[in-house]
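# Results of the structural survey
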Amino acid sequence: MIGTASTFSGFAGALALGTMLALAAPGGTARADGKLVISNWDAYMPKDLLDRFKAATGYEAELTVHATNEEIMGKVVAGGGKGYDVLFVSGQFAQALDKLGLVAKLDHDKIPNLKNLYPEASQLKHDPGNTFSIPYSWGTTGLCYRSDLVKAAPTGWDDLLKPAPELVKKVTMLATDRWLLGAGFKEQGLSVNETDPAKIKATAALLGETKKSLLAYDDTTFYSKLVSGEALLVHAWDGWCNYGTAENAAIKYVVPKEGTDLWVDTIVITAASQNKAAAHAFLDFILQPDVAKWVSETVMYKTPNKAGMESLDKALFEKYPNLAMTPAELLKQEQLLDVGKTQKDYARAVTEIMAAK
Amino acid sequence: MITSRWSRMLLAAPGLGWIALFLLVPCGVLFVNAFFERGIYGGIDYEARTLDNFARVLDPLYVEVFLGSARVALAATVVAVILAYPAALAISLAPARRHTLLLFLVMLPFWTNYLIRTYAWMVLLNRKGLANGALVASGITAEPLDMLYSEPAVVLGLVYSYLPFVVLSIYTSISRLDRALLEASADLGAGLARTFVKVMLPLTLPGIATGAVFIFVLSIGNFVTADLLGGGQVQMIGNLIYDQFLTARDWPFGAALALVLIAVMMLLLFAQAALAGRAARRGAAA
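Residues numbered from 1 in each chain as written. Chains lettered and ligands numbered in written order. Predicted model: local features only at pLDDT ≥ 70, side-chain atom pairs only at ≥ 80, totals over all residues. Heavy atoms only, no water.

### Remarks on the packing of aromatic side chains
- This structure, assessed with the given rule, holds 31 aromatic pairs over all chains.
- Between F53 of chain A and F282 of chain A, the aromatic rings sit 5.3 Å apart at their centres with planes inclined by 85 degrees, giving edge-to-face as the arrangement. In this pair, F53 of chain A is assigned in helix α2 (residues 49-57) and F282 of chain A in helix α10 (residues 276-286), connecting sequence segments 229 residues apart. Note on accessibility: F53 of chain A and F282 of chain A belong to one class, buried.
- On the numbers, 6.4 Å between centres and 25 degrees between planes, the contact of Y114 of chain B with Y162 of chain B is stacked. Linking Y114 of chain B in helix α5 (residues 114-125) with Y162 of chain B in helix α7 (residues 151-175), this pair joins segments that are 48 residues apart in sequence.
- According to the relative accessible area criterion, Y114 of chain B is partly exposed, its value standing at 22%.
- We classify Y162 of chain B as buried; its relative accessible area is 10%.
- Aromatic rings pair up to connect W41, Y44, F88, Y136, W263 and Y301 of chain A into one cluster. (Phe/Tyr/Trp six-rings, centres within 6.5 Å; stacked < 30°, edge-to-face > 60°. Helix = DSSP H or I, 4+ residues; strand = E, 2+ residues; numbered from the N terminus. Buried < 20%, exposed > 50% of the residue type's maximum accessible area, 1.4 Å probe, protein only.)

Below, the structure written as structure tokens:
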């Protein structure tokens with residue numbers, strides 16, 4: 001019978017998901033030669049950075065990529081951080097790693113380029129004083145829309161969650177739990193870090209209603225849906241809205257009037273790292289103004305690097321107004337923080353929303 | 001002698017070892033993990049033993065996701081069998097020298113990556129896509145239809161992806177059919193329809209069952225198609241398990257869900273194997 005053998009391989013495929021995490025943590029092979037292992041999102045730092053780092057400091061480094069915070073978090077928690085020296089993770093995840101004792105305290109004397117950061121960058125709530133993390137980029141989550149095709153420019157979360165009739169089925173929302181729920185929390189005037197189970201439940205119900213008017217949940221291609229006109233209003237990270245603006249100047253970004261979250265992507269050194277001197281050298285290297293400049297010019301994200309932001313071509317600020325948001329304006333938004341146990345309630349809320357009819 | 005017990009075991013060892021390593025060991029890991037609590041920051045708290053995860057699987061919210069996935073997988077199965085049977089029949093009726101070519105054509109889509117084929121459906125089905133373009137241009141509809149990001153789109157994607165498996169398994173069954181039985185049926189006065197229903201269909205049922213179980217099992221565990229063609233709005237059990245492992249970082253609950261899914265699949269496979277076995281015995285007796 002042709003079925004049996006391949007059926008089992010299909011099985012193994014389904015199972016691979018479960019075991020992938022357990023087996024994926026790299027062994028200690030990379031450290032034998034003293035090479036720095038850095039995990040970052042793909043294309044989130046200059047391509048030639050590691051070569052330049054080696055030329056400048058003599059330290060060898062290799063890059064591995066992760067697609068999501070959750071992915072690298074899973075690997076690091078499973079392996080106690082072994083096999084990694086430097087990680088790029090969002091602030092609330094850095095905070096969770098710190099609570100687990102998986103990240104190293106930073107030695108500021110070895111990172112003189114910290115002086116390049118805005119003063120506001122040391123006041124971030126997930127890590128005041130940058131004791132274990134340095135911010136790499138920051139921004140807001142808001143509404144990205146086709147100003148040439150919507151009748152009235154959106155101003156608040158209701159425009160997304162209770163869209164006007166002509167926008168029904170032309171709206172997308174982010175699917176990642178914190179941002180999906182965050183939109184619902186903010187609409188009701190709650191905190192993006194809400195922990196009250198009753199309020200989380202009510203928010204799930206609210207977002208379940210919104211689902212009826214959505215085109216899709218989309219974390220990756222929402223800006224191209226705007227470019228094609230398939231969607232007219234999307235829930236977006238400011239930098240990603242800029243990708244749309246780059247292709248069509250009528251695509252605009254607005255921070256909802258009720259306020260939104262401030263997300264921060266950070267860099268940490270693992271507690272398990274045996275190359276801490278090299279890791280500190282890397283952090284210092286990445287704080288050079290030209291790296292920050294690359295992030296804003298290429299990824300179109302703001303960075304907390306004052307020297308880098310000031311060296312940007314001012315024409316960029318006109319084309320992408322959200323790049324011009326000042327640190328003071330950013331800090332008015334509410335920072336995403338680790339919610340610990342409540343994460344479980346968030347997961348359930350998201351399942352309720354996704355299962356809603 | 002190669003048939004000695006030891007050498008036979010030796011020959012079986014690589015395959016069995018593979019299965020043990022990548023099926024039994026992971027299953028065992030899942031099984032153990034399902035009995036602990038999630039650590040506050042994800043991972044597993046091996047200090048805290050619990051049966052809660054299995055109790056949670058029975059929560060109506062998750063049962064509904066299970067039933068919803070079963071519904072989608074069943075729809076895909078029914079559509080695929082209806083499409084595959086005539087195709088398999090046509091191939092087996094074609095001149096024998098054509099069989100290899102026709103079967104090759106059935107398998108051809110597999111030369112393209114699964115994700116790319118799924119993305120292709122997004123290009124075809126979206127509001128600005130080829131299908132809507134043709135519909136509007138030909139005046140069949142005035143406005144583009146919302147085809148993408150819906151349950152039917154997910155069913156379509158699953159059928160498209162797994163149809164070749166179903167065609168192949170039904171083809172195997174039909175090509176093994178003793179043509180003399182069909183002639184006998186005709187000689188005894190049965191028309192084509194009657195011969196099909198009374199003789200051909202029952203005898204090819206094992207092939208249909210193999211194909212059906214195949215696509216059902218693959219579909220119910222699928223999460224990529226539901227994500228891409230359902231626009232994240234069609235929640236299948238595969239997505240739920242994926243989310244538990246990769247988003248909620250609730251590995252114990254994810255493990256419990258995965259075990260229940262595996263148990264359901266196992267039951268189906270055993271039922272199908274039993275059916276095939278019974279049919280083989282009946283065939284031998286006839």
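### Concerning the interface of chain A and chain B
- Taken together, the 47 residues of chain A in the interface contact 51 residues of chain B.
- Put simply, chain A and chain B have 1 salt bridge between them.
- We note a salt bridge from R348 of chain A to D59 of chain B, for which the minimum N-O separation is 2.6 Å.
- Of all the secondary-structure elements, those providing two or more residues to the side of chain A that touches chain B are α1 (3-24), α3 (69-79), α4 (91-99), β6 (216-217), α8 (222-228) and α15 (343-355) of chain A.
- Classifying every residue of the side of chain A that touches chain B by side-chain character gives 21 nonpolar, 12 polar and 14 charged. (Contact = heavy atoms within 4.5 Å. Salt bridge = Lys/Arg side-chain N within 4 Å of Asp/Glu carboxyl O. Nonpolar A, V, L, I, M, F, W, Y, C, P; charged D, E, K, R; others polar.)

### Here's the deal with the nonpolar core
- Ranked by internal contacts, the top residues of the largest apolar core, which has 106 residues, are F88, Y136, F282, L283 and I286 of chain A.
- Tallying contributions element by element places α7 of chain B first for this core, with 12 residues.
- For F282 of chain A, the contacting residues outside a window of four places in its chain are L36, I38, M45, L49, L50, F53, V86 and F88 of chain A.
- Counting 32 residues, the second-largest nonpolar core is a separate cluster that includes Y62, W251, L259 and I262 of chain B. (Core = buried A, V, L, I, M, F, W, Y, C linked by side-chain atoms within 4.5 Å.)

### Description of the UniProt feature "transmembrane region" (unreviewed entry) in chain B
Residues and elements named next belong to chain B.
- The sites that carry the UniProt feature "transmembrane region" (unreviewed entry) are, in the present numbering, residues 12-36, 72-94, 101-122, 153-174, 195-220 and 253-275.
- Summarising residues 12-36: 88% helix, 4% strand, and an end-to-end C-alpha distance of 36 Å.
- Within the segment residues 101-122, helix and strand shares are 73% and 0% respectively, and the terminal C-alpha atoms sit 29 Å apart. (UniProt positions renumbered as here; feature names shortened; annotations may be inferred.)

### Description of the environment of A355 of chain A
- Among the secondary structure elements, A355 of chain A is positioned in helix α15.
- For the pair A355 of chain A and G208 of chain A, spaced 147 residues apart in sequence, the C-alpha to C-alpha distance is 8.3 Å.
- In contact with A355 of chain A, not counting residues within four places along its chain, are K211 of chain A together with L61, V65 and Q235 of chain B.

### Some points on the confidence of the model for chain A
- Considering every residue of chain A, the mean pLDDT works out to 90; 91% of them sit at 70 or more.
- Within the model, pLDDT remains below 50 along residues 1-32 of chain A, and this stretch shows 51 contacts once partners closer than five positions in the same chain are excluded. (pLDDT = per-residue confidence, 0-100.)

### Considering empty space enclosed by the protein
- For the structure shown, the criterion picks out 3 cavities of 30 Å³ or more.
- As a volume, the largest cavity reaches approximately 70 Å³.
- As for the largest cavity, its lining consists of E70, Q92, F93, D177, R178, L337, D338, V339 and Q343 of chain A together with T247 and R249 of chain B.
- When residues of the lining of the largest cavity are traced back to their parent elements, those giving at least two are α4 and α6 (177-187) of chain A. (1 Å grid on protein atoms, 1.4 Å probe; cavity = no way out; pocket = protein on both sides within 12 Å on 5 of 7 lines; lining within 4 Å. Points joined across faces, edges and corners; volume = space filled by probe spheres on them.)

### What to know about helix α4 (residues 99-107) of chain B
Residue and element names in this part refer to chain B.
- Listing the buried residues of α4 in full gives H99, L103 and V106. Angular distribution of buried residues about the axis of α4 spans 50 degrees; they occupy a single face of the element.
- Buried residues in α4 make contact with α3 (60-93) and α7. (Arc of directions from axis to C-beta.)

### A word on helix α11 (residues 289-299) of chain A
Residues and elements named next belong to chain A.
- Residues V291, A292, V295, S296 and V299 constitute the buried set of α11. Take α11 and look down its axis: the buried residues cluster within an arc of 135 degrees, on one side only.
- Where the residues of α11 are buried, they touch α2, β4 (133-146), α9 (238-247), α10 and α12 (306-310).
- M300 lies just past α11 and shows a positive phi near 65 degrees.

### What about a nonpolar patch on the surface?
Residue and element names in this part refer to chain B.
- A cluster of nonpolar residues, L16, W18, I19, L21, F22, V25 and V29, forms a patch on the protein surface that exposes about 670 Å² of accessible area.
- Note that I19 resides in helix α1 (residues 5-33).
- What makes I19 partly exposed here is its relative accessible area of 36%. (Patch = residues over 30% accessible without salt bridge, like charges linked within 9 Å, V, L, I, M, F, W, Y side chains within 5 Å. Areas by Shrake-Rupley, 256 points an atom, 1.4 Å probe, with all protein chains shown as cover.)

### Digging into unusual backbone geometry
Residue and element names in this part refer to chain A.
- Backbone geometry at N130 places phi at a positive 50 degrees, although glycine is not the residue there.
- When you line up the elements, N130 lands in the loop between α4 and β4.
- Notably, M300 is not glycine yet its phi reads approximately 65 degrees, a positive angle.
- Following the sequence through the fold, M300 ends up in the loop between α11 and α12.
- Residue M300 is classed as buried on the basis of its relative accessible area of 13%.

### Some thoughts on the pairing of β4 of chain A
All names here are of chain A.
- Within β4, 14 of the 14 residues are buried, leaving the element largely enclosed by the surrounding structure.
- Relative to strand β9 (residues 261-269), β4 runs antiparallel, the two sharing 7 bridges. Counterpart to T140 in the pairing with β9 is L262.
- Judged from the 5 bridges that link them, β4 and strand β7 (residues 233-237) form a sheet pairing that is antiparallel. Its bridge partner lying in β7, Y145 is registered against L233. (Pairing = 2+ DSSP bridges.)

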